[in-house]
Amino acid sequence: MIDVNTPIIYICDYDFVRVDELIMQAINKKKVYEWNPATGRTNFITKEKEKGEESLETFLCQQYVVDGEKLPESYLLLKEIDDYIDEPKVKSLLLHIAQRKLYDAAYNTTIIIVSTSIKVPQAIEKYVSFLDIGLPNEEEIKALIKKHVEVNHDEEGFDKEDIPKLMPSLKGLTAFEIDRTLDMAMSSNGTLRAEDKTMILQQKKQMVRQSGTLELIDANENLEDIGGMNVLKRYLEAKAMVMGQVSVIQKYGVQMPKGVFIVGMPGCGKSLCAKASAAAFDAPLLKMDMGSMMGKYVGESEGNLRKAIKLAEAAAPCVLWIDEIEKAFSGVGGQNNDIVTRMFGYLLGWLQDKKSSVYVIATANNADNLPPELKRKGRFDEIFCVNLPTKEEREAIFKVHLGKKSKAEKVKVEVDYTKLSQATEGFNGADIEAVVNETVERGFLKLIDENKLNEDLMITTEMLLTEAKSTVSISKSCKEQIEKMKKVFQSSNFKDASKV
């Protein structure tokens with residue numbers, strides 16, 4: 001960026017010490033003038049407050065209003081100026097310094113803004129280039145682990161064979177976060193062990209949540225917990241096998257799996273498939289909420305999306321779940337949605353060119369209004385349609401939920417699954433789960449009323465059928481929408497999740 005004469009370089013990061021080290025490497029001992037709200041004008045090397053101007057406006061004014069001969073190359077390092085950057089004089093000075101950098105050969109001053117968030121006024125956005133600081137790679141993570149062990153004098157107690165076991169849990173974190181996480185692991189038992197993986201994942205979950213762009217999901221489900229959708233389940237199992245051999249697939253000309261797009265009726269298991277896939281892939285599940293990506297300032301939304309994707313790439317191999325994607329991108333290309341259009345373009349480009357072991361699962365209730373670019377081959381490996389469960393699938397769903405209930409110590413289940421599936425036509429998976437839960441609860445309340453809590457709770461076909469009759473299924477409560485979605489699925493080229 002410096003070599004191509006970039007006027008303003010914007011770095012969004014909170015590890016200012018690491019950023020300062022990178023700046024030192026890039027500028028090669030050239031003059032740096034630093035300003036921050038805490039100490040005003042600050043010595044870049046010693047971090048001590050310097051005498052002179054206090055305000056950002058005065059600081060910038062002195063750097064801009066210079067005359068005489070050609071000035072030496074210098075840099076203005078501005079930290080955490082979010083509360084000042086919208087001030088009229090500050091915006092004007094930043095604009096004039098950027099323009100002079102471009103058009104005055106005698107003026108060679110570059111502005112570097114470092115902040116924990118992105119805030120760029122429209123007046124200067126054309127002069128700003130964003131610099132993403134990469135997360136540590138595997139070699140850097142190994143070095144951090146070894147350094148941590150050495151500092152804590154734990155060489156004898158630490159088993160080097162545990163490094164590969166700890167590595168996946170630490171991917172996607174900054175160097176600062178890795179140090180902090182290893183400190184927590186060390187303090188828990190006095191050393192580092194492969195068993196610390198669980199505690200590290202809990203710490204990572206908190207840090208990912210704090211990023212505000214992704215959420216690390218605790219997924220306890222597996223594909224066997226899903227009733228029906230056999231075609232989709234077998235498809236995901238096959239992709240998981242390919243991803244499990246990522247180190248050798250190129251030798252056989254096999255392309256890295258991109259992901260799958262699951263479209264279907266509400267409550268029919270799309271989210272459950274995404275959660276269960278994490279167990280199939282033996283990888284962490286990261287959830288992207290498109291609503292949390294939207295920011296107030298120019299470039300903030302796109303920056304949040306880049307940050308989320310960078311985090312997913314660094315955490316690979318992983319499963320990235322984009323839930324209800326239609327809420328973010330339906331109607332892209334219309335008026336007054338330039339930000340969404342740019343975000344959509346960035347996501348499409350990443351999906352198309354992705355080479356990493358990030359398996360993307362996008363889910364949507366309705367893909368009718370989504371742009372065709374998202375649904376064509378090349379973005380996802382396949383698009384599956386999830387309809388209301390068939391008779392056989394309803395029977396399988398009942399077996400899954402009642403099987404979980406029967407594991408309870410005081411619950412006994414004796415039912416006719418064929419009768420249950422016949423009586424629940426038009427029910428989705430969520431409806432069936434509700435029937436089972438309500439039946440168990442009513443049976444429990446009856447035991448309380450009869451003062452029989454010492455007895456077993458027997459779940460029968462009649463109890464479930466009675467509850468099913470009083471349940472308004474989705475095919476009744478949303479009849480028009482369901483019929484419309486059925487027609488869309490019939491006319492689409494999506495693969496049915498249940499049928500070969």
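Being a predicted model, the structure only gives us computed values, none of them experimental.

## Some words on the pattern of salt bridges
Overall, the coordinates contain 18 salt bridges when judged by the stated rule. The shortest N-O distance in the salt bridge between K410 and D456 comes to 3.6 Å. Linking K410 in the loop between helix 15 (391-406) and strand 13 (411-414) with D456 in the loop between helix 17 (429-449) and strand 14 (457-460), this pair joins segments that are 46 residues apart in sequence. Take D456: its relative accessible area is 37%, and that puts it in the partly exposed class. Among the salt bridges present, the one from R442 reaches E467, with a minimum N-O distance of 2.8 Å. Placement of R442 in helix 17 and of E467 in helix 18 (residues 461-469) is noted, with a sequence separation of 25 residues between them.

## Thoughts on helix 17
With 21 residues, helix 17 should reach 30 Å at 1.5 Å per residue; the first-to-last C-alpha distance of 30 Å fits that figure. Looking at helix 17, one finds that the buried residues are G429, D431, I432, V435, V436, T439, V440, G443 and L447. Where helix 17 starts, the residue carrying a side-chain oxygen 3.1 Å from the main-chain nitrogen of A430 turns out to be N428. Two residues or fewer after helix 17 comes N451, characterised by a positive phi angle close to 55 degrees.

## Quick notes on the side chain of D82
Counting through the fold element by element, D82 comes out in the loop between strand 4 (74-79) and helix 3 (88-103). There is no salt bridge for the buried D82, and the closest opposite charge comes from K119, which lies 6.4 Å off by N-O distance. One polar contact links D82 to S115, side chain to side chain, over a distance of 2.8 Å. Within the structure, D82 has its side chain in polar contact with the side chain of S117 (distance 2.5 Å). Excluding its chain neighbours within four sequence positions, the residues that come into contact with D82 are Y10, S115, S117 and K119.

## Re the sheet that holds strand 5 (residues 109-115)
The six strands are arranged 3-2-4-5-1-6 in an open sheet whose pairing can be described as mixed. Taken across any chain shown, the strands that pair with only one partner, and hence form the sheet edges, are strand 3 (40-43) and strand 6 (128-131). For this sheet, the mean inter-axis angle between neighbouring strands, taken without regard to orientation, is 25 degrees. Relative to strand 5, strand 4 runs parallel, the two being bridged by six bridges. Note on strand 5: the bridge partner recorded for S74 is T109.

About the thresholds
- Residues numbered from 1 in each chain as written.
- Predicted model: local features only at pLDDT ≥ 70, side-chain atom pairs only at ≥ 80, totals over all residues.
- Heavy atoms only, no water.
- Salt bridge = Lys/Arg side-chain N within 4 Å of Asp/Glu carboxyl O.
- Helix = DSSP H or I, 4+ residues; strand = E, 2+ residues; numbered from the N terminus.
- Buried < 20%, exposed > 50% of the residue type's maximum accessible area, 1.4 Å probe, protein only.
- Expected span 1.5 Å × (residues − 1).
- Polar contact = N/O pair within 3.5 Å; in protein donor to acceptor, adjacent residues only side chain to side chain.
- Lys, Arg positive; Asp, Glu negative; His and termini not counted.
- Contact = heavy atoms within 4.5 Å.
- Pairing = 2+ DSSP bridges.
- Axes fitted to C-alpha atoms, helices over the stretch in contact; angles between N-to-C directions.

Function-wise, these values are silent; they only describe arrangement.
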